[in-house]
Amino acid sequence: MITVVTISQRLFKSILEGAREAYPNEIILLLRGKQKKGRIEITDLIIPPLATKGMRFASFPAHMLPMDFSLIGSVHSHPSGALRPSTQDLNHAFGKVIMIVGYPFLNIENVVVYNHAGGKIPILVK
Ligand SMILES: [Zn+2]
């Protein structure tokens, strides 16, 4: 059970900037992090293999992923601004957390984190 996800101000800003630059396309990045009990700390952003610009649904072949257990989830953008995971997001979720950033990608108001069951997890930027 994950109770909180923490991320540094610096990584948080790069996600929002990346989403703004790619708009109206989606971006997807993998999240590397550490888990201590119910707390996940995001430590790095990783560009997934074969991620291409302009795909309608930002995706990547899961079998191409490195066997890296520090990968704790992924983040992708919703150019529509929707802050709910789609059925596809939940079915194809990779790792433990799904972060979604919605248009206009400006601040914490435009970011949500979910677990696989579709339950919201609080995010702490510090
Ligand atoms: Zn989505």
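Being a predicted model, the structure only gives us computed values, none of them experimental.

Q: What should I look at first to understand unusual backbone geometry in this one?
A: Leaving glycine aside, a negative phi is the common case for residues, and trans is the common case for peptide bonds. Cis rather than trans, the peptide bond between tyrosine 23 and proline 24 has omega equal to 10°. Within the element layout of this structure, proline 24 appears in the loop between helix 1 (9-22) and strand 2 (28-36). Look at phenylalanine 105: it is not a glycine, yet its phi comes out positive at around 55°. Looking at the secondary structure, you find phenylalanine 105 in the loop between strand 5 (97-102) and strand 6 (111-114).

Q: Just checking my understanding: could you explain the sheet that holds strand 2 for this structure?
A: Working definition: the strands of a sheet are paired by backbone hydrogen bonds and lie parallel or antiparallel to each other. Taking strand neighbours across the sheet as the criterion, the eight strands line up as 7-6-5-4-2-3-1-8 in an open arrangement whose pairing is mixed. With one partner strand each, in any of the chains shown, strand 7 (120-121) and strand 8 (123-125) form the two edges of the open sheet. Contacting strand 1 (4-7), strand 2, strand 3 (39-46), strand 4 (71-78), strand 5 and strand 8, helix 1 runs over the sheet at an angle of about 50° to strand 3.

Q: I'm lost on the environment of glycine 38 in this one. Help?
A: Note that glycine 38 resides in the loop between strand 2 and strand 3. Among the residues examined, glycine 38 registers 10 C-beta atoms within 10 Å and is labelled exposed. Separated by 37 residues in sequence, glycine 38 and methionine 1 place their C-alpha atoms 5.8 Å apart. Beyond its immediate chain neighbours, meaning those up to four positions away, glycine 38 contacts Met1, Ile2 and Thr3.

Q: What is the right way to read the pairing of strand 3 from this model?
A: Bridge analysis of strand 1 against strand 3 gives three bridges, and the strand direction is parallel. Each residue of the ladder has a partner; that of valine 4, found in strand 3, is arginine 39. Bridging between strand 2 and strand 3 involves seven bridges; their strand directions are antiparallel. Bridge pairing links leucine 31 to leucine 45 in strand 3.

Q: Where do I start with the confidence of the model for the protein in this structure?
A: Note that predicted coordinates carrying low pLDDT should not be read in detail. Averaged over the protein, the pLDDT score is 87; the fraction of residues at 70 or greater is 83%. When mean pLDDT is taken per element in the protein, strand 1 scores highest with 98 and helix 2 (residues 87-91) scores lowest with 89. Taken together, the stretch residues 54-58 has pLDDT below 50 and engages in eight contacts with residues farther than four places along the chain or on a different chain.

Parameters and conventions
Residues numbered from 1 in each chain as written. Predicted model: local features only at pLDDT ≥ 70, side-chain atom pairs only at ≥ 80, totals over all residues. Helix = DSSP H or I, 4+ residues; strand = E, 2+ residues; numbered from the N terminus. Pairing = 2+ DSSP bridges. Contact = placed C-beta atoms within 7 Å. Axes fitted to C-alpha atoms, helices over the stretch in contact; angles between N-to-C directions. Buried ≥ 20, exposed ≤ 12 C-beta atoms within 10 Å, placed from the backbone. pLDDT = per-residue confidence, 0-100.

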